[in-house]
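So the chains spell out like this:
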Amino acid sequence: MESGAAGGTTAGNRAAAFQERKAPQGAGGILMKKGLLIVVSSPSGGGKGTILKALFARNENLRLSVSATTRAPREGEQDGVHYHFITKEQFRQNIADGAMLEYAEYCENYYGTPKAPIQAWLEAGHDVVLEIEVQGGRQIKAAAPDCVSLFILPPSLEVLEKRLRGRGTETEAVIEKRLRAAEEEIRCVKDYDYAVVNDTVEQAVSEIESILTAEKLRVSREENIAERILNHA
Ligand code: ADP
Ligand code: 5GP
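Residues numbered from 1 in each chain as written. Chains lettered and ligands numbered in written order. Predicted model: local features only at pLDDT ≥ 70, side-chain atom pairs only at ≥ 80, totals over all residues. Heavy atoms only, no water.

Draft legend 1. Region of the structure containing the pattern of salt bridges. All chains considered together, the criterion is met by 17 salt bridges. Between lysine 216 and aspartate 127 there is a salt bridge; the shortest N-O distance is 2.7 Å. With lysine 216 in helix H8 (residues 201–216) and aspartate 127 in strand S8 (residues 127–131), this pair connects stretches of sequence that are 89 residues apart. Classification of lysine 216 as partly exposed rests on a relative accessible area of 25%. Residues joined in a network through salt bridges with shared partners are Arg71, Arg74, Glu77, Arg167, Glu170 and Arg178. (Salt bridge = Lys/Arg side-chain N within 4 Å of Asp/Glu carboxyl O. Helix = DSSP H or I, 4+ residues; strand = E, 2+ residues; numbered from the N terminus. Buried < 20%, exposed > 50% of the residue type's maximum accessible area, 1.4 Å probe, protein only.)

Structural data, given as structure tokens:
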């Protein structure tokens, strides 16, 4: 198993499931929009966790997908909060049950996005963030082309290594694997909609907010905007 769509589910019908979602009709809110599906990737140590924490602190409408993984919890990580920590056997069963929106193998562990909460949040008008690696990012873009994909880049490989080591959460062997994976991952930035360089957290967060604001204003995301303006008494 490397990476792929949930068992028995094609990219096409996952895409259809996303396209069915409707813009919520709030009280008097004729211009309310459906939620954005946002993919955020970076090499390990690129700053996804740090940046998203700051972004979430400032944006109440965001929801973070809690992934399933077969890796062991780090100190302080809680099951159901940071990840659903499950066995490889359970992971394979989830795939067979069609319960994963995407999944991938990364540095000898499996990671995947449980399907159930995502569509409910989008239908409720929330913007949903998937913090996932590049194989998963590719699967989501293929299944839901109107998602917004962001790649967070370190200012340099040297800074990446320093930050990853400075985090102090991995063994030397794991750090080396992740740094080797990083070079190839960084080349995948070409498949993403936006590149954000993580120089300072504050600047990266503010750039992401600008991207999301602009994405929400895309005419293609507004069904019948002219009619709704013209017919609003
Ligand atoms: P990821 O979630 O992508 O693996 P983290 O958010 O855990 O990365 O960041 C890796 C390490 O780098 C953490 O120790 C974090 O505090 C630090 N870090 C992240 N962004 C910055 C930044 N802009 N400046 C300095 N340190 C940073
Ligand atoms: P970590 O072990 O550092 O928490 O995560 C390792 C990598 O797996 C990171 O790049 C992270 O974004 C990615 N990841 C986390 N959850 C998922 C997921 O559900 N699907 C995929 N494809 N990657 C994930």
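Draft legend 2. Structural detail: the site of ligand 1. Contacts to ligand 1 come from 15 residues, most closely from Gly45, Gly49, Thr50, Arg167 and Asn198. Between ligand 1 and serine 42 there is a distance of 3.4 Å, counted from an oxygen atom to a side-chain nitrogen or oxygen. At 2.8 Å from a nitrogen atom of ligand 1 is found a side-chain nitrogen or oxygen belonging to asparagine 198. Summarising the interface, the protein chains cover 73% of the accessible area of ligand 1, which totals 570 Å² for the free molecule. Most atoms of ligand 1, that is more than half of them, are within 2 Å of grid points of the largest pocket. Every element with two or more residues in the shell around ligand 1 is listed here: helix H2 (48–58) and helix H6 (157–167). Broken down by element, the residue count for the shell around ligand 1 peaks at three residues, all from H2. Here the shell around ligand 1 is composed, by residue class, of two nonpolar, nine polar and four charged. (Near = heavy atom within 4 Å. Polar contact = N/O pair within 3.5 Å; in protein donor to acceptor, adjacent residues only side chain to side chain. Areas by Shrake-Rupley, 256 points an atom, 1.4 Å probe, with all protein chains shown as cover. 1 Å grid on protein atoms, 1.4 Å probe; cavity = no way out; pocket = protein on both sides within 12 Å on 5 of 7 lines; lining within 4 Å. Sits in = over half its atoms within 2 Å of the grid points. Nonpolar A, V, L, I, M, F, W, Y, C, P; charged D, E, K, R; others polar.)

Draft legend 3. Quick look at the packing of aromatic side chains. Summed over all chains, the structure comprises six aromatic pairs. Ring geometry for tyrosine 106 and tyrosine 111: centres 6.0 Å apart, planes at 75°, overall edge-to-face. Overall, the relative accessible area of 10% leaves tyrosine 106 in the buried class. Looking at tyrosine 111, the relative accessible area reads 12%, which means it is buried. With a centroid separation of 5.2 Å and an interplanar angle of 75°, the aromatic rings of phenylalanine 151 and tyrosine 192 are classed as edge-to-face. Of this pair, phenylalanine 151 sits in strand S9 (residues 148–153) while tyrosine 192 sits in the loop between helix H7 (172–187) and strand S10 (194–197), and the two are 41 residues apart along the sequence. Accessibility classification places phenylalanine 151 together with tyrosine 192 in one group, the buried group. Cluster of aromatic residues (ring-pair linked, three or more members): Tyr83, Phe85, Tyr106 and Tyr111. (Phe/Tyr/Trp six-rings, centres within 6.5 Å; stacked < 30°, edge-to-face > 60°.)

Draft legend 4. The sheet that holds S9, seen in detail. Strands sit in the order S3-S8-S2-S9-S10 across an open sheet of five strands; the sheet is parallel. Edge positions in the sheet fall to strand S3 (62–64) and S10, since each has one partner strand and no second. Going across the sheet, the axis of each strand differs from the next one's by a mean of 25°, ignoring polarity. Taken together, the four bridges between S9 and S10 define a ladder with parallel strand orientation. The partner of leucine 150 across the bridge, within S10, is tyrosine 194. Against the sheet, helix H5 (residues 134–143) contacts strand S2 (37–41), S8 and S9, and its axis sits at roughly 155° relative to S2. (Pairing = 2+ DSSP bridges. Axes fitted to C-alpha atoms, helices over the stretch in contact; angles between N-to-C directions. Contact = heavy atoms within 4.5 Å.)

Draft legend 5. Fine view of the nonpolar core. Counting residues in each nonpolar core, the largest one holds 17 residues, and the members touching the most others are Ile38, Val40, Ile51, Leu55, Val129, Leu150 and Ile208. Breaking this core down by element, the ones donating at least two residues are S2, H2, S9 and H8. The contacts of isoleucine 38, once residues within four sequence positions are left out, are Leu62, Asp127, Val128, Val129, Leu130, Val148, Leu150 and Leu212. Listed in part, the 16 residues of the second largest apolar core include Leu101, Val134, Phe151 and Cys188. (Core = buried A, V, L, I, M, F, W, Y, C linked by side-chain atoms within 4.5 Å.)

Draft legend 6. Examining H8 more closely. Look at H8: 23 Å from first C-alpha to last across 16 residues, which is about the 22 Å you get at 1.5 Å a residue. Turning to H8, its buried residues number three or more, namely Ala204, Val205, Ile208, Ile211, Leu212 and Glu215. Across the axial projection of H8, the buried residues extend over an arc of 120°, all falling on one side. Elements in contact with the buried residues of H8: S2, H2, S9 and S10. (Expected span 1.5 Å × (residues − 1). Arc of directions from axis to C-beta.)

Draft legend 7. Spotlight on the site of ligand 2. The local shell around ligand 2 holds 17 residues, among which Ser67, Arg71, Tyr83, Tyr111 and Arg178 are the closest. Here tyrosine 83 contributes a side-chain N or O atom positioned 2.5 Å from an oxygen atom of ligand 2. Tyrosine 111 places a side-chain nitrogen or oxygen 2.6 Å from an oxygen atom of ligand 2. When isolated, ligand 2 has an accessible area of 520 Å², and the protein chains bury 96% of it. Cavity membership is defined here by more than half of the atoms lying within 2 Å of grid points; on that basis ligand 2 lies in the largest pocket. For the shell around ligand 2, the secondary-structure elements that each account for two or more residues are strand S6 (100–106) and strand S7 (109–114).

Keep in mind these numbers describe shape, not what the thing actually does.
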